[in-house]
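One letter stands for each residue in the lines below.
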Amino acid sequence: MRASQENEDFNLKETTPTLGGGRVTANDRLGTAFDLVEQMHYFYVRVVKAKELPLKKDGNDSGNPHPFVEVQLGNLKGLTLHVEDSSSPEWNQVFVVLKDRIQSRILEVFLKDKSRIGDSDDGLIGRVVFEINEVPKRVPPDSPLAPQWYWLENRKGEKVKGELMLAVWIGTQADEAFQEASHLDATAVNGDGVANVKSKVYLSPRLWYLRVNVIEAQELQLGNKNRQQPEIYVRITLGNVILRTKISLSKNVCPSWNEDLMFVVAEPFEDQLVLSVEDKVAPNKDELLGKCIIPLQDVEKRVGFSTPIGKWYSLEKEVVSEDGNNKVSKLNSKIHLRLSLDGGYHVLDELTHYSSDLKATSKELWKPSIGVLELGILNAQGLSPMKNRDGRGITDPYCVAKYGQKWIRTRTIINSFNPKWNEQYTWEVFDPCIVITIGVFDNCHLQGADKNDKSRDSKIGKVRIRLSTLETDRVYTHSYPLILLTPAGVKKMGEIQLAVRFSCSSLFNMLAMYSQPLLPTLHYLHPLTYYQIDNLRHQATQIVATRLSRAEPPLRREVVGYMLDVGSNMWSIRRSKANYVRIAGILTGLIAFCKWFNGICTWKNPFATVPVHIIFFQFVCFPRLILSTIFVVVFLIGTWNYRMRPRKPPHMDIKLSQAERVPWNELDEEFDTLPTSRNNDIVRMRYDRLRSIGSRMQAVAGDLANQGERFYNLLSWRDPRATAIFLVFCLVASVVLYVTPLKVVVTLVGFYTMRHPRFREKHPSVPLSFFRRLPAKTDSLL
């Protein structure tokens, strides 16, 4: 594994593709549509309708035909739907094929009768033939080419009864017919799988936080009227999510809770809120005291945090009648609730640091857009085979991009390791400090998916691009490595070439966003707990995955989960190491400064130490220069660093992710299920390892706590002698500082700190020794 990693290039590469008909450099801006993708020419055939078709004359099977159209271009073929029993059928279907893949000089359009398939003439009614060289070209924004009626002829070229309306032209992927067209080179795809090949745009549902404030209940009817202290709680069910309140402290038939429960719901509101009041009569037995069903359409929507109106809801209960049938009986019991849809929050369905949308749910709180993000998905190179077909490895790749509520899916390129999509998409930008995610997947549903089909679209890799790292109005064309972490280790699955441009409509509005809170104000005025955020995010991802999987064609659950980083917050030693390295990198500058200052104090380089002494003395004499000098130095450093500014967007870094050399047992643990599916010996080994890591973290946390407690114990009299010594020192220091000019004190302290090594001793200083002798609370720990 390590040898293969050393041979693979995981770096980002800058490219210079031919975009929009001309080569684009870093600072070019083209003003034409689809200017971020390479222009590709396609051959279009629109089959509209037919008329005056001849009746069948086959004895008992006479009447209107069951016509369909077959478009044939060399070895490429496409079929329309067949129309039952019609002499004037309509299809209005478009077929398309890349011009470079045409290997024939003629286009043949056959009109056939499905009921006659199997005869010697294959059910042919008639055909229309076109010369490829005579097909006109169309360049948007020209109007669509008008279809025309063509007479049908037989295979001998003789005119037969019937006419077929067609339109044939050559255009680019900018043609409005491209999105709904069926590709002739996807000949292996049929049935419902055709929809899985086309490119689509999806909108994720608008999510709301539903707050259920359970206040109290009245006049509950217990099954056992002699029960003195009932343990009553409320169970709330919304779809597949079940939450429950705590057991009421009021041990009577009028319990109270005043507890908030939070759910995530999506528009349109299809589910109903089911509340059931239950009594825990035994450890594994609960008695239903009543329930009510509340439609979500009746719940109040609020933008701020105003108190919603409380309402009493009557409880119902199913009872068995004398004839043995169940019927609903209304009770005198009631429950008091406050329900609200909180639109002032942003419903988090992504990790906050990977979020692509931070707007509040309510559109009333949305601010104007600050710019436009344009993404050109060009091509991929060197993709790995993801499945086997006919004894050989193949890949049917497609891309998915997610930004805000808008998801896009490119068309699937059949059986290609080097696919070319050249599709361009646009998003409105409301905040520059968010991320667009682009993922590449292998389509495993080209033949349609029945209800028992358990195949899953395989992930190939993904790319994240933070908009704030992009310069405005610059076209970024780079080839990003597609990196996938598998149980066998990290692997490069190929490369994807993208063109990205972030255009700003108002520089002032964009700069003003940097002074605004990252999340809507309600997150700070009435914050949610970490447990609530984690639980609600899980609900939100499940809702989004369910809704998008019900689209046609579906955007499948595994795709949505991978794009939303579901499960990425699970425990991983690799991620813990990566975070440790990041923290060490942050402290590198501070450590380097401490080492430099230690070198100054120990006179390792007298040529640097003497100027520092001179500068220090000037600061003592002129203290007003300290802050201004610091800011000037920071300005000069930042200006100097402009020359070394990053020229490429950030990308997946296997070294930073600590994925370069990961032990197999750590990877196996990271890919393990929850709860674990491994045997007891492996779990015991992992538990012992986790204990050893936890002990080191525990020691570090204990050391930090000790230092803080010692600082507070300077004045707590926990050690009377130490506190007395410190107070005497403070008294003497106050007198000395009063009679001695501050400049003299600072000068003496500074020069003493930077004194020559011959005046130093190797043992710890007196203040440090005194501080280390102070007590901490470790003596009280068991």
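Rules of the game
Residues numbered from 1 in each chain as written. Predicted model: local features only at pLDDT ≥ 70, side-chain atom pairs only at ≥ 80, totals over all residues. Heavy atoms only, no water. Helix = DSSP H or I, 4+ residues; strand = E, 2+ residues; numbered from the N terminus. Rg over C-alpha atoms; globule rule 2.2 N^0.38 Å. Areas by Shrake-Rupley, 256 points an atom, 1.4 Å probe, with all protein chains shown as cover. Lys, Arg positive; Asp, Glu negative; His and termini not counted. Charge placed at Lys NZ, Arg CZ, Asp CG, Glu CD. Buried < 20%, exposed > 50% of the residue type's maximum accessible area, 1.4 Å probe, protein only. Pairing = 2+ DSSP bridges. Axes fitted to C-alpha atoms, helices over the stretch in contact; angles between N-to-C directions. Phe/Tyr/Trp six-rings, centres within 6.5 Å; stacked < 30°, edge-to-face > 60°. Lys NZ or Arg CZ within 6 Å of the ring centre and 35° of its normal.

Colleague: Whenever I open this one, the overall build of the chain confuses me. Can you help?
Modeller: Check the secondary structure of the chain and you find 13 helices and 34 strands. The C-alpha atoms of the chain give 36 Å as radius of gyration, which overshoots the globular expectation for 782 residues (28 Å, by more than 25%). Summarising its shape, the C-alpha atoms of the chain cover approximately 125 × 90 × 55 Å along the three principal directions. Taken as a whole, the chain presents about 44,100 Å² of accessible surface, with 56% of it coming from carbon and sulfur. Here the chain carries 101 positive and 85 negative side-chain charges, and the mean point of each set is 9 Å from the other.

Colleague: Even after reading the chapter, I still don't get the environment of Gly239, so can you show me in this structure?
Modeller: Turning to its location among the elements, Gly239 is positioned in the loop between β17 (232-238) and β18 (241-244). Between the alpha carbons of Gly239 and Val265 there is a distance of 9.4 Å; along the sequence they are 26 residues apart.

Colleague: Looking at this structure, I do not really get the side chain of Asp35. What am I missing?
Modeller: The topology assignment puts Asp35 in the loop between β3 (22-23) and β4 (41-51). Given a relative accessible area of 2%, Asp35 falls into the buried group.

Colleague: Explain the sheet that holds strand β29 (residues 406-409) to me, please; I cannot follow it from the model alone.
Modeller: What links the strands of a sheet is backbone hydrogen bonding, and the strands pair in either a parallel or an antiparallel sense. Strand order in the open sheet formed by five strands is β15-β29-β28-β31-β32, with antiparallel pairing between adjacent strands. Every interior strand has two partners, whereas the edge strands, β15 (200-203) and β32 (458-466), have only one. Sheet twist, expressed as the mean angle between neighbouring strand axes with direction ignored, is 20°. As defined by bridge partners, strand β28 (residues 397-403) adjoins strand β31 (residues 435-442) across six bridges and the pair is classed as antiparallel. Each residue of the ladder has a partner; that of Tyr398, found in β31, is Phe441.

Colleague: Is there a simple way to explain the packing of aromatic side chains in this structure?
Modeller: How two aromatic rings sit relative to each other is set out by the distance from centre to centre and by the angle between their planes. The final tally for this structure, using the stated rule, is 12 aromatic pairs. Seen from their ring centres, Phe593 and Trp596 are 5.8 Å apart, and the 35° between their planes marks the pair as tilted. With Phe593 and Trp596 both in helix α6 (residues 573-601) and three residues apart, the pair spans about one turn of that helix. We classify Phe593 as partly exposed; its relative accessible area is 48%. Exposure remark for Trp596: the relative accessible area of 43% places this residue in the partly exposed category. Seen in terms of ring centroids, Phe711 and Tyr712 are 6.0 Å apart; in terms of plane orientation they differ by 75°. Their pairing is edge-to-face. Here Phe711 falls in the exposed class, since its relative accessible area comes to 55%. Three or more aromatic residues joined by ring pairs make a cluster, and in this case those are Tyr398, Phe441 and Tyr562. A cation over an aromatic ring shows up here: Arg464 above the ring of Tyr354, its NZ or CZ 3.7 Å from the ring centre.

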